[in-house]
Every structure is written in C-alpha cells, then in structure tokens.
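Chain by chain, the residues:
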Amino acid sequence: MSPLRPLLLALALALAAVPAPCAQGACPASADLKNSDGTRTCAKLYDKSDPYYENCCGDAELSLEPGADLLYLPSNWANTASSLVVAPRCELTVWSLQGKAGKTHKFSAGTYPRLEEYRRGILGNWSNAISALYCRCS
Ligand SMILES: *[C@@H]1O[C@H](CO)[C@@H](O)[C@H](O)[C@H]1NC(C)=O
C-alpha cells in the first residue's frame, strides 16, 4: 500500500465530519428519502422553513408516492409547502394554482430546503405557493 493511502483516508474522514454549512437544514438527503415502513417515496413536502436553514424541513410533512397526481392538495397543504425533497430518479412538477394552472416548475431529484429561493414568475417564489403537483419516478 502506498504511504499516501492512510493520509488520504484520514483526510476523507475529517472532511466527512465537518458539518455542511446548513446547506440542507433538517432536510433528508434525496437518497435517504424513504417512508418509515421502507416503501418508496417520490417526494416529501414540508411546511416549515424560515431564514435559518436548521429549521427547514421541520413540522408537518406530506409524503408523495410515485405517480402521485394531485389537481389540488389536501386543504391544509394548499399554498403551504416551503421545503421539499425529491427522491433519486424522480421528478416533481408543481403548479401555483389548483387544477394544474398558473405557473409551473419542475424539481429534479435533490433537497430544496428553501423554496423561497426558487423564482415563480417575476416577483413570486415557490414558498407557500404549491397548489397542484405530479410526482413521477423512472
Ligand atoms: C417569497 O414570496 C413571499 C410571498 O410573496 C414574500 O413575502 C417573500 O419575501 C419572498 N421571498 C423572497 C426571498 O423573495
């Protein structure tokens, strides 16, 4: 074994131990998205995010199964989601109005702790603005 090997390994471990700079808050990584019973999830919506990333993905969550196709969200979820996570090989399309009308946006696999950072039209953003959705996985 090359003398460099243990050094590189130690370096990799040290890097892994450094906490990410609040990049995803309490949000799970895309790859970790599973229901507690182990079944596959397409995406999860969370109703909480605030200026502090640590608080993203807090409070209530809405789990979407692959193929979830909602012309409108359950009443307590309309215009409520402010963080979301999309599972690997899945894609979430959202609309700003019920019936899949208004503005639309596609979120590919990944963690989106602050939907505020995603532009909806010229002035708006996607925080508290999702009213319909379609989630599909390949
Ligand atoms: C996102 O939109 C909301 C409501 O329209 C607004 O209050 C908020 O300031 C916007 N946030 C950003 C970062 O643009």
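See the structure shown above.
Read on for an overview of the structure. This structure is a prediction, so every number in the text was calculated from the model and none was measured.

**Some points on the state of the cysteines**
- Throughout the structure, instances matching the rule amount to 2 disulfides.
- Here Cys42 engages in a disulfide with Cys135; their sulfurs sit 2.0 Å apart. Judged by the torsion about the S-S bond (-95 degrees), the Cys42/Cys135 disulfide is left-handed. Taken as a pair, Cys42 in the loop between helix 1 (4-17) and strand 1 (43-48) and Cys135 in strand 8 (residues 132-137) lie far apart in primary sequence, 93 residues in all.
- Residue Cys90 pairs covalently with Cys137 via a disulfide, S to S 2.0 Å. Here Cys90 and Cys137 share a disulfide; its torsion about the S-S bond, 100 degrees, makes the bridge right-handed. Here Cys137 lies in strand 8 and Cys90 lies in strand 4 (residues 83-97), a separation of 47 residues in the sequence.
- Residue classification places Cys90 among the buried positions, given a relative accessible area of 5%.

**Observations regarding the pairing of strand 1**
- Relative to strand 2 (residues 58-64), strand 1 runs antiparallel, the two sharing 5 bridges. Directly across from Lys44, in strand 2, lies its bridge partner Ser63.
- Looking at chain direction, strand 1 and strand 4 are connected through 4 bridges and run antiparallel. Looking at strand 4, one finds that Lys44 is bridged to Val85.

**A word on the side chain of Thr41**
- Inspection of the secondary structure puts Thr41 in the loop between helix 1 and strand 1.
- Judged by its relative accessible area of 1%, Thr41 falls in the buried class.
- If near-sequence neighbours (up to four positions away) are discounted, Thr41 is found in contact with Leu33, Lys34, Asn35, Ser63, Leu64, Pro66 and Ala87.

**Some thoughts on the pairing of strand 8**
- For strand 3 (residues 69-70) and strand 8, the ladder comprises 2 bridges, and the chain directions are antiparallel. Looking across to strand 8, one finds that Leu70 is bridged to Leu133.
- By the bridge criterion, 6 bridges tie strand 4 to strand 8 in an arrangement that is antiparallel. Residue pairing for strand 8: Trp95 is matched across the bridge by Ala132.

**Notes on the nonpolar core**
- Grouped together as the largest cluster of nonpolar side chains are 29 residues, with contacts concentrated most on Leu45, Leu64, Leu84, Val86, Leu92, Phe107 and Ile130.
- Secondary-structure elements contributing two or more residues to this core are strand 1, strand 2, strand 4, strand 5 (101-112) and strand 8.
- By residue number, the principal contributor to this core is strand 4, which donates 7 residues.
- Once residues within four sequence positions are removed from consideration, Ile130 is found in contact with Leu73, Trp77, Ala78, Asn79, Ala81, Leu84, Val94, Trp95 and Leu115.

**Observations concerning unusual backbone geometry**
- A positive phi angle is found at Asn79, which is not glycine, with a value near 50 degrees.
- Assignment of secondary structure puts Asn79 in the loop between strand 3 and strand 4.
- One non-glycine residue with positive phi stands out, namely Arg89, at about 60 degrees.
- Mapping Arg89 onto the fold places it in strand 4.

Each value, and the rule that gives it
Residues numbered from 1 in each chain as written. Predicted model: local features only at pLDDT ≥ 70, side-chain atom pairs only at ≥ 80, totals over all residues. Heavy atoms only, no water. Disulfide = S-S within 2.5 Å. Helix = DSSP H or I, 4+ residues; strand = E, 2+ residues; numbered from the N terminus. Buried < 20%, exposed > 50% of the residue type's maximum accessible area, 1.4 Å probe, protein only. Pairing = 2+ DSSP bridges. Contact = heavy atoms within 4.5 Å. Core = buried A, V, L, I, M, F, W, Y, C linked by side-chain atoms within 4.5 Å.

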